[in-house]
Amino acid sequence: MIKHHPTDEILSQFVSADLPASLNVAVAIHVDMCPCCKSKVAALEATKANHVFTDESIEDILDDEDFEGSSALFDAITMDESIDDVYEVQPKNISVNEQDYLLPRSLSRIAHSKFMQMGKLSRSRVALDDGPLRSSLLHIAAGGEIPEHTHTGFELTLLLDGEFSDESGDYVPGDFIILDGRHDHTPITKEGCLCFTVVSSALHFNKGLSKLLNPIGNFIY
Ligand SMILES: [Zn+2]
């Protein structure tokens, strides 16, 4: 069962479209996998829609003389039949290290680079132009681990498939884990896993050999 969810604040920002693009995608994937957050989002959307329609400023806009001029645009939008077209999102499979995975719906229309490999880690950059936030698909092969590290910014890990664990416990697909500089951890996977990650800066390794581990930190960022 999914134990780690976005906070209510993040869900509310998601509904108001206030999140950076990469976090927006992460929440959309989680909501697709999590019935609990799906119903929270539906409730938030209903509340927000209610506010819009009871908002007096809308009446002011409708009463505004200038609005008449803009109604041509409004007509153009509502009369454009192509906007009603509903397209089916085709499921997209990817293969990493000879294992096949079904990509989440929210990622199937976003390009991602070829997987680069470093030991048991494989990373593909997801093409979301989002300033310092970098999104990736990160695959860790069975028996792989990421050395103990903390975060100079924050690291969001959304487990898509497989399992991993760290000092705080075991994770299942759908778990949405945000960590920052207050957390040290050593993720390890027995069976292998595929994650969607959003990282705001390179990781910081805590133990000796940190110079040797820096390439991994940059690899994951
Ligand atoms: Zn949830």
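Please refer to the structure higher up on the page.
It should be emphasised that the depicted structure is a prediction, and the values quoted were computed from it without experimental measurement.

A. Representation of the overall build of the protein in the model. Each helix and strand in the protein was counted, giving six helices and 12 strands. Considering only contacts within the protein whose residues lie at least 6 apart along the sequence, 64% involve residues at least 24 apart.

B. Quick peek at the sheet that holds strand β3 (residues 116-118). If you walk across this open sheet you meet the six strands as β3-β4-β5-β11-β7-β10, and the pairing is antiparallel. At either margin of the open sheet sits one strand with a lone partner, and together these are β3 and β10 (176-180). Recorded for the sheet is a direction-independent mean angle of 25° between the axes of neighbouring strands. The sheet contact formed by strand β4 (residues 121-125) and strand β5 (residues 134-140) spans five bridges and is antiparallel. The residue bridging serine 122 from the neighbouring strand is histidine 139, located in β5.

C. Quick peek at unusual backbone geometry. Within the chain, alanine 17 stands out as a residue other than glycine whose phi angle is a positive 60°. Relative to the elements of secondary structure, alanine 17 occurs in the loop between α1 (8-15) and α2 (21-33). Even without being glycine, glutamate 98 reaches a positive phi, approximately 65°. Inspection of the secondary structure puts glutamate 98 in the loop between β1 (93-96) and β2 (99-102). Here glutamate 98 falls in the exposed class, since 6 other C-beta atoms lie within 10 Å of it.

D. A look at the pairing of β1. For β1 and β2, the ladder comprises four bridges, and the chain directions are antiparallel. Residue pairing in the sheet places serine 95 in a bridge with aspartate 100 of β2. What sits between the antiparallel neighbours β1 and β2 is a turn of two residues, in which asparagine 97 has the positive phi angle 50°.

E. A look at the environment of alanine 141. In this structure, alanine 141 sits in the loop between β5 and β6 (149-151). Using a count of 19 C-beta atoms within 10 Å as the deciding quantity, one classes alanine 141 as partly exposed. Between the alpha carbons of alanine 141 and leucine 194 there is a distance of 8.7 Å; along the sequence they are 53 residues apart. Leaving out residues up to four positions away in the same chain, alanine 141 has contacts with Asn97, Lys120 and Gly192.

F. Here's a closer look at α1. Burial in α1 covers these residues: Ile10, Leu11, Phe14 and Val15. Within α1, the buried residues cover an arc of 140° as seen down the axis, which keeps them to one side. A positive backbone phi angle near 60° is found at alanine 17, which sits one or two residues after α1.

G. The arrangement of α2 in detail. Compared with an ideal rise of 1.5 Å per residue, which puts 13 residues at 18 Å, α2 spans 19 Å between its outermost C-alpha atoms and is within 8% of the ideal. Along α2, the residues classified as buried are Ser22, Leu23, Val25, Ala26, Val27, Ile29, His30 and Val31.

Definitions and cut-offs
Position numbers for residues start from 1 in each chain and track the written sequence from start to end. The model is predicted, so local features are restricted to residues of pLDDT at least 70 and side-chain atom pairs to those at 80 or more, both for listing and for counting; the totals for chains, interfaces and linings are taken over all residues. Only runs of H or I of at least four residues qualify as helices and only runs of E of at least two qualify as strands under DSSP, and these elements are numbered from the N terminus. The contact rule is simple: place each C-beta atom from the backbone, and if two of them lie within 7 Å, those residues are in contact. Two strands qualify as a pair provided that DSSP identifies no fewer than 2 bridges between them. Structural elements are reduced to axes, namely lines fitted to C-alpha atoms, with helices fitted over the stretch in contact, and the angle between N-to-C directions of any two is expressed from 0 to 180 degrees. Residues with at least 20 neighbouring C-beta atoms inside 10 Å of their own are called buried, those with 12 or fewer are called exposed, and the rest are partly exposed, where every C-beta is derived from the backbone. Directions are taken from the helix axis to each C-beta atom, and the arc is the one they span. Expected helix span is given by 1.5 Å per residue-to-residue step, counting one fewer step than there are residues.

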